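Descriptive structure summary
Residue-level listing of the chains:
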Amino acid sequence: MSNLNIIVVGGGLAGLTASLALQSFGFDVTILESKKKKEEIHAGVQISPNATVVLNKLGLKSNIDKIANVPQNLQIRNWENGETIFNQSFKSMLESKSSSYLLINRYDLLNILRKKFGEKRIIYGDECKKINLKNNKVTLTTKNKKVFTADLVIAADGMNSSIRDKYFIKSPPIFSGIFCFRGSFPISRIKKLKIKNNVMVWLGPNKHFVNYLISSGKKINIVGFLQNKKLLNASYKENMKKLFYREFTNWHMTPKSLINSSDNIIGYPIYFCKPLPFWFKEKIVLLGDAAHGILPFQAQGLSQSIEDSYVLAKCLAFNTGSLSVALKDYEIKRKNRLKIIEKISFNNKKIFHFKSSILTYIRDFILKKIQNSSKISIKGMQNWIYGYDATK
């Protein structure tokens, strides 16, 4: 089935990775991206070994290694006194994995993927307006009245997917009750803090804060999550840095210093989508957040989209049946795994944002027990998530 002509709607990280995976199997791929090519937000993304193995397979390792940061430890600290409640080295966590856990500047990764795929095959500043099925082909008409004919359309247009809502089931994103602040800045601004090369998670009542190094350790990425429905109406014109600091004003000096050092804070509500009953319809298939808008509390949103990309490409390349058989194979292989990861992310949302001081004490006590006990382990879950290899 390698002679298919495919249009990927969405030129973000998911759409680009899918296009590269399809290209590696000989498919003819064109990307349609609604945004004009411009400066992207410099935000950190976490890519776990289950996704890194795919990027390596696509021949990206040497380029990604130049811009990625490989953390030493996952460290969880108390929000108030900075006490370390849990510490695990990524080396021990990933001892049997052939790929690394990477921390990357999203903008840097986008540029690598675009260059590898080929800018000439990406159409910027136009979007899908209408899709018709005619003579066993898909006709896609854009907002700018361009017409494309293809064998398959892949909707990688994100959680607010217009293709999903128009041609599948209307599934508007649901507010999770969590608001997020994020920013990044050069590490040189905070030399006195002596930030180590760890994924640092600060857990408190109703909130949590994350910081880690990106851009080969030259920048630091910060993210704050909190349960606050009032912030849903916060305007982007408001001073997000001021709001961010206000919400964490009683916290340890390190998170507060990191917030103060950033000058590009953005804030937005966290949404998710309900699981869909099906991921493809005739010659249209969903991928990434368009198919499964999961919460970010297992840091698997991007990694699962990258897994989707290679699994879909393999199903199309190696399935000897019809297109619908290949797409059904993809759906079956992905839905069950995503169902479990969605559940883990929902559970983490509750655990990370306990309001009760009693529950936060119990949570921290259990984390310490896991840390200090050889009988209690979370490696089973880590192996199941990180040990998955979509390329095999």
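This text gives an overview of the structure that appears in the document.

1. Observations concerning the sheet that holds strand 1 (residues 5-9)
The six strands are arranged 7-2-1-11-18-17 in an open sheet whose pairing can be described as mixed. Each end of this open sheet is capped by a strand with a single partner; those strands are strand 7 (122-124) and strand 17 (280-281). Of the strand pairs in this sheet, strand 1 and strand 11 (residues 152-155) are connected by four bridges, and their pairing is parallel. Bridging from a neighbouring strand, Ile-6 pairs with Leu-152 of strand 11.

2. Section: the side chain of Asn-50
As for its placement among the helices and strands, Asn-50 is situated in helix 2 (residues 49-57). Given a relative accessible area of 0%, Asn-50 falls into the buried group. A distance of 2.7 Å separates the side chain of Asn-50 from the side chain of Glu-307, its partner in a polar contact. With residues near it in sequence (within four places) discarded, Asn-50 still touches Gln-300, Ser-303, Gln-304, Glu-307, Arg-337, Ile-385, Tyr-386 and Tyr-388.

3. Comments concerning the pattern of salt bridges
Tallying each qualifying case throughout the model produces 15 salt bridges. A salt bridge links Asp-165 to Arg-164; the nearest nitrogen and oxygen atoms lie 3.2 Å apart. Residue class for Asp-165 comes out partly exposed when judged on its relative accessible area of 23%. On the basis of relative accessibility, which here comes to 1%, the residue Arg-164 falls in the buried class. The shortest N-O distance in the salt bridge between Arg-334 and Asp-308 comes to 2.6 Å. With Arg-334 in helix 10 (residues 323-352) and Asp-308 in helix 9 (residues 301-318), this pair connects stretches of sequence that are 26 residues apart. The exposure class assigned to Arg-334 is buried, which follows from its relative accessible area of 0%. Given a relative accessible area of 0%, Asp-308 falls into the buried group.

The rules behind the values
- All chains use their own residue numbering, which begins from 1 and follows the written sequence.
- Local features are withheld for residues below a pLDDT of 70 in this predicted model, meaning they are given only at 70 or higher, and side-chain atom pairs are given and counted only at 80 or more; totals for whole chains, interfaces and linings count all residues.
- Only heavy atoms go into the side-chain values, all of them from the structure, while hydrogens and water stay out.
- In this analysis, strands are considered paired if DSSP registers two or more bridges between them.
- A run of H or I in DSSP becomes a helix once it reaches four residues, and a run of E becomes a strand once it reaches two; helices and strands are each numbered from the N terminus.
- For every residue, the accessible area (1.4 Å probe, protein chains only) is compared with the maximum for its type, and the residue is labelled buried under 20%, exposed over 50%, or partly exposed between those bounds.
- Polar contacts, as counted here, are pairs of nitrogen or oxygen atoms within 3.5 Å of one another; within protein the pair requires one atom able to donate a hydrogen and one able to accept it, and residues that are adjacent in sequence qualify only if both atoms are side-chain atoms.
- Whether two residues are in contact is decided by their heavy atoms: any pair within 4.5 Å suffices.
- The salt bridge definition used is simple: a Lys or Arg side-chain nitrogen within 4 Å of an Asp or Glu carboxyl oxygen.

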